[in-house]
Amino acid sequence: MVPFLLDTVITPGGGEAAAEAAKTTTQSTGLFGTWMADHPVMLIVVYCVVLLLIMYFLSIRPTQKKEKKLAELRNAVEIGDSIVTNSGFYGKVVDMTYDCLIVEFGLNRGVRIPVAKTEVFGKAEPNMSNEAPVEEEAPKKKGLFRRG
C-alpha cells in the first residue's frame, strides 16, 4: 500500500531535539485555562449570566427599593394627613377603606372624592403663599485641582 501524502508528518530540524521542543511549548491558557477553549458554549452562558447580573443591580433593584419605600409611605397615611396624588392634587384624608381613601379637595372643603391608595404620591402640605420656600445653600464643591 502506498502512503498517502497527508499522512506524512514533517518535523522541523528532524530528530529527537525538535520533537522535545514541540512537547515543551506552552499553550496560552487564558482566564479560565483551557476549559473555556474546550467549551465555547459555556463562555456564552457565563457572558449572559454576567449581563443579567449587571442589569439586575443597575435597573431592577433600585426600582424595587423605590416601590417598597412608596408602599411604606402609602401604608403610613392616616386620617387627617395632607397628601398629594400622582396627578398633583393636594387634599386632606377624611376617611379610609381597605384600598381607597376619601380625600377632601379644594379650599371650600366640600369636595370629597374616593382615591385609590396606589395613586397617593406622598404626604405634603400645599404652599398657599406667594413666596418661594427658603432653600438652604449647599456648600460649594471644589472642582478638580481645587479650582472653581
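A quick note: this is a predicted structure, and the numbers were derived from the prediction, not measured.

### Some thoughts on the pattern of salt bridges
Right, on to step 1. Within the structure shown, the criterion is met by two salt bridges.
Right, on to step 2. One salt bridge connects D81 with K123, and the closest N-O pair in it is separated by 3.5 Å. You can see D81 sitting in the loop between α3 (40-75) and β1 (82-85) and its partner K123 sitting in strand β5 (residues 120-123), a full 42 residues away along the chain.
Right, on to step 3. Since its relative accessible area comes to 19%, D81 is described here as buried.
Right, on to step 4. Note that E104 is salt-bridged to R112, the shortest N-O span being 3.1 Å.
Right, on to step 5. With a relative accessible area of 11%, E104 lands in the buried category.

### Thoughts on the side chain of R74
Right, on to step 1. Positionally, R74 belongs in helix α3.
Right, on to step 2. The residues contacting R74, other than those within four sequence positions of it, are N86, K117, T118 and V120.

### Structural notes on the pairing of strand β3 (residues 100-105)
Right, on to step 1. For β3, the tally of buried residues reaches five of six residues, placing the bulk of the element in the interior.
Right, on to step 2. Alignment of strand β2 (residues 90-96) against β3, held across five bridges, turns out to be antiparallel. Within β3, the residue paired with D95 across the bridge is I102.
Right, on to step 3. Between β2 and β3, which follow one another and run antiparallel, lie three residues.
Right, on to step 4. Of the strand pairs in this sheet, β3 and strand β4 (residues 111-116) are connected by six bridges, and their pairing is antiparallel. In the strand pairing of β4, V103 is matched with I113.
Right, on to step 5. Hairpin geometry of β3 and β4 is characterised by an intervening segment of five residues between the two adjacent antiparallel strands and by a positive phi of about 90° at G106.

### Comments concerning the sheet that holds β2
Right, on to step 1. Strand order in the open sheet formed by five strands is β4-β3-β2-β1-β5, and the pairing between neighbours is antiparallel. Each of the sheet's edge strands pairs with one partner strand only, and the pair in question is β4 and β5. Pairs of neighbouring strands in the sheet enclose a mean axial angle of 45°, with direction left out of account.

### Quick notes on the environment of E78
Right, on to step 1. Within the fold, E78 resides in the loop between α3 and β1.
Right, on to step 2. Considering only alpha carbons, one finds E78 and D95, 17 residues apart in sequence, at a separation of 8.6 Å.
Right, on to step 3. If we ignore the near neighbours within four places in the chain, the residues touching E78 are V93 and M96.

### Focus on the packing of aromatic side chains
Given two aromatic rings, one states the distance between the centres and the angle between the planes to describe the pair.
Right, on to step 1. Tallying each qualifying case throughout the model produces two aromatic pairs.
Right, on to step 2. A centroid spacing of 6.0 Å and a plane angle of 70° characterise the contact between F89 and F105, whose relative ring orientation is edge-to-face. With a gap of 16 residues between them, F89 in the loop between β1 and β2 and F105 in strand β3 connect regions that are remote in the sequence.
Right, on to step 3. Using a relative accessible area of 11% as the deciding quantity, one classes F105 as buried.

### Digging into a nonpolar patch on the surface
Right, on to step 1. Together, V41, M42, V45, V49, L53, Y56, F57 and I60 line one region of the surface with nonpolar side chains, adding up to about 700 Å² of accessible area.
Right, on to step 2. Among the secondary structure elements, Y56 is positioned in helix α3.

### A closer look at the nonpolar core
Right, on to step 1. V77, I83, V93, L101, V103, F105, V115 and V120 form the largest nonpolar core, which has eight residues in total.
Right, on to step 2. Of the residues forming this core, the biggest block, three residues, is contributed by β3.
Right, on to step 3. When sequence neighbours within four positions are dropped, the list of residues in contact with I83 reads V77, F89, Y90, G91, V93, L101, V103, V120, G122, K123 and A124.

Conventions used here
Residues numbered from 1 in each chain as written. Predicted model: local features only at pLDDT ≥ 70, side-chain atom pairs only at ≥ 80, totals over all residues. Heavy atoms only, no water. Salt bridge = Lys/Arg side-chain N within 4 Å of Asp/Glu carboxyl O. Helix = DSSP H or I, 4+ residues; strand = E, 2+ residues; numbered from the N terminus. Buried < 20%, exposed > 50% of the residue type's maximum accessible area, 1.4 Å probe, protein only. Contact = heavy atoms within 4.5 Å. Pairing = 2+ DSSP bridges. Axes fitted to C-alpha atoms, helices over the stretch in contact; angles between N-to-C directions. Phe/Tyr/Trp six-rings, centres within 6.5 Å; stacked < 30°, edge-to-face > 60°. Patch = residues over 30% accessible without salt bridge, like charges linked within 9 Å, V, L, I, M, F, W, Y side chains within 5 Å. Areas by Shrake-Rupley, 256 points an atom, 1.4 Å probe, with all protein chains shown as cover. Core = buried A, V, L, I, M, F, W, Y, C linked by side-chain atoms within 4.5 Å.

Geometry only, nothing functional implied.
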